[in-house]
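Structure assessment
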Amino acid sequence: MIQKLIALFMLILLQPIFWLVSLIIIINDGFPIIYIQKKYGKNHKEFSFYKFRTMKNHSPEIPTEEFENAKNYILKSGKFLRKFSIDELPQLLNIIKGDMKFIGPRPSMIKNEEMVKKMREEKGVDQLVPGITGWAQVNGRDLNSFEKKVELDHYYMLNKSFLLDIKILIMTIKVVLLRTEIKH
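Numbering of residues starts from 1 in each chain and follows the order in which that chain's sequence is written. Local features in a predicted model are, by the rule used here, given only for residues with pLDDT of at least 70; side-chain atom pairs are given and counted only at 80 or more, and totals for whole chains, interfaces and linings are based on all residues. Hydrogens and water molecules were not included; the side-chain quantities draw on all heavy atoms of the structure.

1. A word on the sheet that holds strand S2 (residues 46–52)
Stated formally: Only when DSSP finds a minimum of two bridges between them are two strands counted as paired. For helices the rule is a DSSP run of H or I covering at least 4 residues; for strands it is a run of E covering at least 2, with both sets numbered from the N terminus onward.
Sheet architecture is open: three strands sit in the order S2-S1-S4, paired in antiparallel fashion. Bordering the open sheet on either side are S2 and strand S4 (108–109), each of which pairs with just one other strand. Bridge count for strand S1 (residues 34–40) against S4 is two bridges, and the pairing is antiparallel. Note that in S4 the partner of Lys39 across the bridge is Met109.

2. Some points on helix H3 (residues 76–83)
Three or four residues apart is the spacing at which side chains of an α-helix point the same way, because the helix has 3.6 residues per turn. Quick reminder of the rule: Only protein chains enter the calculation, and the probe is 1.4 Å; a residue is then buried if its accessible area is under 20% of its type maximum, exposed if over 50%, and partly exposed in between. When we speak of the arc, we mean the arc of directions from the helix axis to the C-beta atoms. Contacts between residues were defined by any pair of non-hydrogen atoms, one from each residue, lying within 4.5 Å.
Taken together, the buried positions of H3 are Ser77, Gly78, Leu81 and Arg82. Buried residues of H3, seen end-on, are gathered within an arc of 130° and therefore sit on one face of the element. The inward-facing, buried residues of H3 contact helix H2 (15–29). Immediately downstream of H3, the backbone of Ser85 shows phi near 55°, a positive value.

3. With respect to the nonpolar core
Stated precisely, the cut-off is as follows: Definition used in this section: a nonpolar core is a set of buried Ala, Val, Leu, Ile, Met, Phe, Trp, Tyr and Cys residues joined via side-chain atoms within 4.5 Å.
Within the largest apolar cluster, 28 residues are counted, with the highest numbers of intra-cluster contacts made by Ile25, Phe52, Phe102, Trp135, Tyr156 and Ile168. Counting residues per element, the ones that place at least two in this core are helix H1 (2–13), H2, S2, helix H4 (91–97), strand S3 (101–103), helix H6 (146–159) and helix H7 (162–178). Residue contacts for Phe102: discarding those within four places in its chain leaves Gln3, Ile6, Ala7, Met10, Leu92, Ile95, Gly131, Ile132 and Thr133.

4. Observations regarding the pairing of S1
Two faces make up the sheet, and in a regular strand the side chains alternate between them. Sheet analysis places S1 next to S2, joined by seven bridges and oriented antiparallel. Bridge pairing in S2 places Ile34 opposite Phe52. In this structure, the hairpin formed by S1 and S2 is closed by a connection of five residues, where Asn43 is found at a positive phi of approximately 55°.

5. With respect to H2
Note the cut-off: Helices are assigned an expected span. That span is 1.5 Å times one less than the residue count.
The end-to-end C-alpha distance of H2, which contains 15 residues, comes to 21 Å, matching closely the 21 Å that a straight helix rising 1.5 Å per residue would cover. Considered for burial, the residues of H2 that qualify are Phe18, Val21, Ser22 and Ile25. Buried residues along H2 cover an arc of 105° about the axis, so they all sit on one side. Within H2, the exposed residues directed more than 90 degrees away from the buried face are Pro16, Trp19, Leu20 and Ile27. Elements that come into contact with the buried residues of H2 comprise H1, S2 and H3. A positive backbone phi angle near 75° is found at Gly30, which sits one or two residues after H2.

6. Some details on the packing of helix H5 (residues 114–123) against H6
As a reminder, the rule being used: Each axis is a line fitted through C-alpha atoms, taken for helices only over the stretch in contact, and angles between the N-to-C directions span 0 to 180 degrees. Should an angle fall under 35 degrees it is taken as roughly parallel, and over 145 as roughly antiparallel, whereas 65 to 115 is taken as roughly perpendicular and any remaining angle as oblique. In a left-handed crossing the near helix is turned counterclockwise from the far helix by less than a right angle, and in a right-handed crossing that turn is clockwise. Basically, the charged four are Asp, Glu, Lys and Arg, the nonpolar ten are Ala, Val, Leu, Ile, Met, Phe, Trp, Tyr, Cys and Pro, and anything else, Gly included, counts as polar.
Here H5 crosses H6 at 30°, and the two axes come no closer than 10 Å. When the interaxial angle is binned, H5 and H6 end up roughly parallel. Read as a crossing pair, H5 and H6 show a hand that is right-handed. Residues Met115, Val116, Met119, Arg120 and Lys123 of H5 touch H6, and the partners they reach there are Phe146, Glu147, Val150, Asp153, His154 and Met157. A class-by-class count of the residues in the contact of H5 with H6 yields six nonpolar, one polar and four charged.

7. Re unusual backbone geometry
Look at the link from Phe31 to Pro32: it is a cis peptide, with omega at 0°. Among the structural elements, Pro32 can be located in the loop between H2 and S1. Positive phi, normally seen in glycine, also occurs at His44, with a value near 60°. Structurally, His44 can be placed in the loop between S1 and S2.

8. Regarding the packing of aromatic side chains
Basically, it comes down to this: Here the aromatic set is Phe, Tyr and Trp, taking the six-membered ring for Trp, and pairing holds for ring centres within 6.5 Å; pairs whose planes are under 30 degrees apart are stacked, those over 60 apart are edge-to-face, and all others are tilted. Comment: the charge-over-ring label is applied if NZ (Lys) or CZ (Arg) is within 6 Å of the ring centre and within 35 degrees of the ring normal.
All told, the structure shown has four aromatic pairs when counted by the stated rule. An angle of 65° between the planes, with centres 6.5 Å apart, marks the rings of Phe47 and Phe49 as edge-to-face. Comparing Phe47 with Phe49, the two get one shared label, buried. Summarising the aromatic geometry, the rings of Phe80 and Phe84 are spaced 5.0 Å apart at their centres and angled 50° between planes, so their arrangement reads as tilted. For Phe84, a relative accessible area of 26% translates into the label partly exposed. Over the ring of Phe49 we find Lys39; its NZ or CZ atom is 4.6 Å from the centre of that ring.

Put into structure tokens, the structure is as follows:
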């Protein structure tokens, strides 16, 4: 409940950023502003995952790292939004809805990720509520293979604690501000 209240407070506080980003996306490529994708949550329950749209309309629905030339699909504003993780702000709505928390394994895509689903099941990671940031995001982010991400998520599951969550929050701020470990 406390995470939902914090997310609601942040959503209200960040409204000027939401309006500015929305205007920039509309100018760059029109509507929609929010990209909605189906993801797996706890126990592989499907939910709608929200992000500010950083890709051009009609881009293929595959992970960005699988694009031959992702630069051809990313909006002018998209690179900036991704580097500073501003595109993730709409996930505050996912926290308010109860689909996500601030910290946990990133939810996996339903499309193209059956392998990840199986690996998460084997390690029990699918039992965790996904998060906006997590141990895998602060230890390699986009540079990790699917196997490495699941391994890091499993480490988080086994060592989950308030202190580890605080460490992840601090490391997230550092990773975002230094713009490290981002492919696109």
